[in-house]
Amino acid sequence: MRDVTSADVALTGSYQGRRRMTLTYPLLNRSRCILWLVTGHEKVDMLPRLYEGDRSVPAGRISRHQSVVLADEEVAAHLRDQPSRR
């Protein structure tokens, strides 16, 4: 999906024996609103990267201007403990 800019939907590689389709970055960036649901201890380090627009992770390639983030208490508490990066 990373290289697809000429289509709204792209085929991905096989996952669990099935071929999947995914929405591309251009389509997601044209959305009126993006809702991120961030849960679980394994995502604690990802939320700051999302806020920073870290393009090394897929979420960082999505425009943050139309985004809403819902994070569970564990993830949100970790973010509150971080120094402000703005």
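Residue numbers restart at each chain and count upward from 1, following the sequence in its written direction. This being a predicted model, a pLDDT of at least 70 is required before a residue's local features are given, and a value of 80 or more before pairs of side-chain atoms are given or counted; all residues contribute to the totals for chains, interfaces and linings. For the side-chain quantities, the full set of heavy atoms in the structure was used; hydrogens and water were omitted.

## Observations concerning the packing of aromatic side chains
For the record, the criterion: What counts as a ring pair is set by centres within 6.5 Å for rings of Phe, Tyr and Trp (its six-membered ring), and what kind of pair is set by the plane angle: stacked under 30 degrees, edge-to-face over 60, tilted for all other angles. The criterion is that NZ of a Lys, or CZ of an Arg, lies within 6 Å of the ring centre and within 35 degrees of the ring normal, and then a charge sits over that ring.
Summed over all chains, the structure comprises zero aromatic pairs. Lying over the aromatic face of Y15, R20 brings its terminal NZ or CZ to 4.4 Å of the ring centre.

## Quick look at the pattern of salt bridges
For clarity, the cut-off: For salt bridges, the criterion is a side-chain nitrogen of Lys or Arg within 4 Å of an Asp or Glu carboxyl oxygen. We count a stretch as a helix when DSSP gives it H or I for four or more residues in a row; a strand needs E for two or more, and each element gets its number in order from the N terminus. Using a 1.4 Å probe on the protein chains alone, a residue whose accessible area is under 20% of its type maximum counts as buried, one over 50% counts as exposed, and one in between counts as partly exposed.
This structure, assessed with the given rule, holds two salt bridges. One salt bridge in this structure joins R30 and D8, with 2.7 Å as the shortest N-O distance. Of this pair, R30 sits in the loop between helix 1 (25-29) and strand 3 (34-38) while D8 sits in the segment before strand 1 (9-15); the two residues are 22 residues apart in sequence, bridging distant segments of the chain. For R30, a relative accessible area of 52% gives the class exposed. A relative accessible area of 34% places D8 in the partly exposed class.

## Things to note about the environment of M46
Looking at where M46 falls in the secondary structure, it is placed in helix 2 (residues 46-52). In this structure the C-alpha to C-alpha distance between M46 and V75, which are 29 residues apart in sequence, comes to 9.0 Å.

## Some points on a nonpolar patch on the surface
To keep it simple, the criterion reads: Any residue with relative accessible area above 30% and no salt bridge may belong to a patch, with like charges joined within 9 Å and the nonpolar Val, Leu, Ile, Met, Phe, Trp and Tyr side chains within 5 Å. For the accessible areas, the method is Shrake-Rupley and the probe is 1.4 Å, while residue cover comes only from the protein chains on display.
The grouping of V9, L11, M21 and L23 at the surface amounts to a nonpolar patch, some 400 Å² of accessible area in total. Elements with a minimum of two residues in the nonpolar patch: strand 1 and strand 2 (18-23).

## Considering the pairing of strand 3
Using the following cut-off: Here, any two strands with at least 2 DSSP bridges between them count as paired. The definition of a right-handed crossover adopted here requires that, viewed with the strands pointing away, the path from the first strand over the helix to the second runs clockwise.
Here strand 3 runs beside strand 4 (residues 67-71); their pairing, made up of five bridges, is parallel. Within the sheet, the bridge partner assigned to L37 lies in strand 4 and is L70. Chirality of the crossover, the property in question, places the unit of strand 3, helix 2 and strand 4 among those that are right-handed.

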